[in-house]
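Given next are the chains, with one letter for each unit.
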Amino acid sequence: MDEILATDAQILSNQITEEESQNNTKFVILGCAIAIGIAGIASAIGLGIAGSSAIAVTAEKPNLFGKCLVLQVLPMTQSVYGLLTAILLMMGAGLLGGGGTVLVGSLAGMGSIWIGLAVGLTGISAINQGMVASSSISAVGRNPDVAARGIIFTVMPETIAIFGLLVGILLMTGLGLL
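Residues numbered from 1 in each chain as written. Predicted model: local features only at pLDDT ≥ 70, side-chain atom pairs only at ≥ 80, totals over all residues. Heavy atoms only, no water.

Asks: Break down the overall build of the chain for me, citing the residues and quoting the values.
Replies: On a plain count of helices and strands, the chain comes out with 8 helices and 0 strands. Counting from the amino terminus, helix and strand elements in the chain follow one another as α-α-α-α-α-α-α-α. Taken over 178 residues, the chain has a buried fraction of 39%. Counted over contacts in the chain with a minimum sequence separation of 6, partners at least 24 positions apart contribute 87%. (Helix = DSSP H or I, 4+ residues; strand = E, 2+ residues; numbered from the N terminus. Buried < 20%, exposed > 50% of the residue type's maximum accessible area, 1.4 Å probe, protein only. Contact = heavy atoms within 4.5 Å.)

This is the structure in structure tokens:
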């Protein structure tokens, strides 16, 4: 027990300097860029894949525009997860909200990079989601009654991105960024 108290006292006496905090804040910014950058690129690719099928179907059957649009936009959600992660990281590091100076420790700074990677890399599922959406859009072009099944199949790859977002939020909570 005495060892634990001594360790706690050492941790409490180890103050973060303003300069260290600024360097660690740079890591938070990098984590934000990784999260939105990777997820955003993957979403754009997924949207392009699905959109090419949607335009082909709606050129012949304009009445299917609504069903095709729903399927086509689903790969965009991964970029929303990247954006949400970036905003939460910025808020946790005191870069948003004007709540005063927040000192960012080295663990929170480096952790932000790993959080950005977790969310960004799982966001790559948007590319596969675009492929499934493309097939679903083609199926809707042949039989509009399969739209609901197409949506279910298209949402499945997104589960991976949701797991990444959940891990990111849990890590932010554990690191004191939320």
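Asks: A description of the side chain of Gln 129 should follow, citing residues and the corresponding values.
Replies: Tracing the sequence through the fold places Gln 129 in helix α6 (residues 125-142). Of note is the side chain of Gln 129, whose polar atom sits 3.0 Å from the side chain of Gln 78. Leaving out residues up to four positions away in the same chain, Gln 129 has contacts with Leu 74, Pro 75, Thr 77, Gln 78, Thr 154, Val 155, Pro 157 and Glu 158. (Polar contact = N/O pair within 3.5 Å; in protein donor to acceptor, adjacent residues only side chain to side chain.)

Asks: Tell me about helix α7 (residues 147-155), and please be specific about residues and values.
Replies: Of all the positions in α7, only Ala 147, Gly 150 and Thr 154 are classed as buried. One face of α7 carries all of its buried residues, which in axial projection span an arc of 55 degrees. Set apart from the buried face of α7 by more than 90 degrees, the exposed residues are Ala 148, Arg 149, Ile 152 and Phe 153. Along its buried surface, α7 packs onto α3 (65-73) and α6. (Arc of directions from axis to C-beta.)

Asks: Residues and numbers for the environment of Ser 112, please.
Replies: The topology assignment puts Ser 112 in helix α5 (residues 106-122). Counting along the chain gives 77 residues from Ser 112 to Ala 35, while the straight-line C-alpha distance between them is 9.5 Å. When residues no more than four places from it in sequence are discounted, the contact partners of Ser 112 are Phe 27, Val 28, Gly 31, Leu 89 and Leu 177. A polar atom in the side chain of Ser 112 sits 2.7 Å from the backbone oxygen of Ala 108.

Asks: Report on a nonpolar patch on the surface, specifying residues and quantitative values.
Replies: Taken together, the side chains of Ile 29, Ile 36, Leu 83, Ile 87, Met 91, Leu 95 and Leu 96 define a hydrophobic patch exposed on the protein surface, amounting to about 560 Å² of accessible area. Of all the secondary-structure elements, those providing two or more residues to the nonpolar patch are α2 (18-60) and α4 (77-92). Among the structural elements, Leu 83 can be located in helix α4. (Patch = residues over 30% accessible without salt bridge, like charges linked within 9 Å, V, L, I, M, F, W, Y side chains within 5 Å. Areas by Shrake-Rupley, 256 points an atom, 1.4 Å probe, with all protein chains shown as cover. Salt bridge = Lys/Arg side-chain N within 4 Å of Asp/Glu carboxyl O.)

Asks: Mind laying out the packing of α2 against α3, listing which residues take part and the relevant values?
Replies: Running from N to C, α2 and α3 point in directions that differ by 170 degrees, and their axes come no closer than 9 Å. Classed by the angle they form, the pair α2 and α3 counts as roughly antiparallel. Along its contact with α2, which presents Leu 47, Ala 50, Gly 51, Ala 54, Val 57 and Thr 58, the element α3 presents Phe 65, Cys 68, Gln 72 and Val 73. Among the residues forming the contact of α2 with α3, the class breakdown is 7 nonpolar, 3 polar and no charged. (Axes fitted to C-alpha atoms, helices over the stretch in contact; angles between N-to-C directions. Parallel < 35°, antiparallel > 145°, perpendicular 65-115°, else oblique. Nonpolar A, V, L, I, M, F, W, Y, C, P; charged D, E, K, R; others polar.)

Asks: Any chance you could break down the side chain of Ser 136 for me, citing the residues and the numbers?
Replies: With respect to the helices and strands, the residue Ser 136 is situated in helix α6. Within the local environment of Ser 136, its side chain forms a polar contact with the side chain of Thr 154, the two groups lying 3.3 Å apart. Those residues in contact with Ser 136 that sit more than four places away from it in its chain are Leu 71, Gly 150 and Thr 154.

Asks: Any details on the environment of Ala 147? Residues and values, ideally.
Replies: Structurally, the position occupied by Ala 147 is in helix α7. Since its relative accessible area comes to 9%, Ala 147 is described here as buried. Distance from Ala 147 to Ser 136, taken between C-alpha atoms, is 7.2 Å for residues 11 residues apart in sequence. With near-sequence residues (within four places) excluded, Ala 147 lies in contact with Lys 67 and Val 140.

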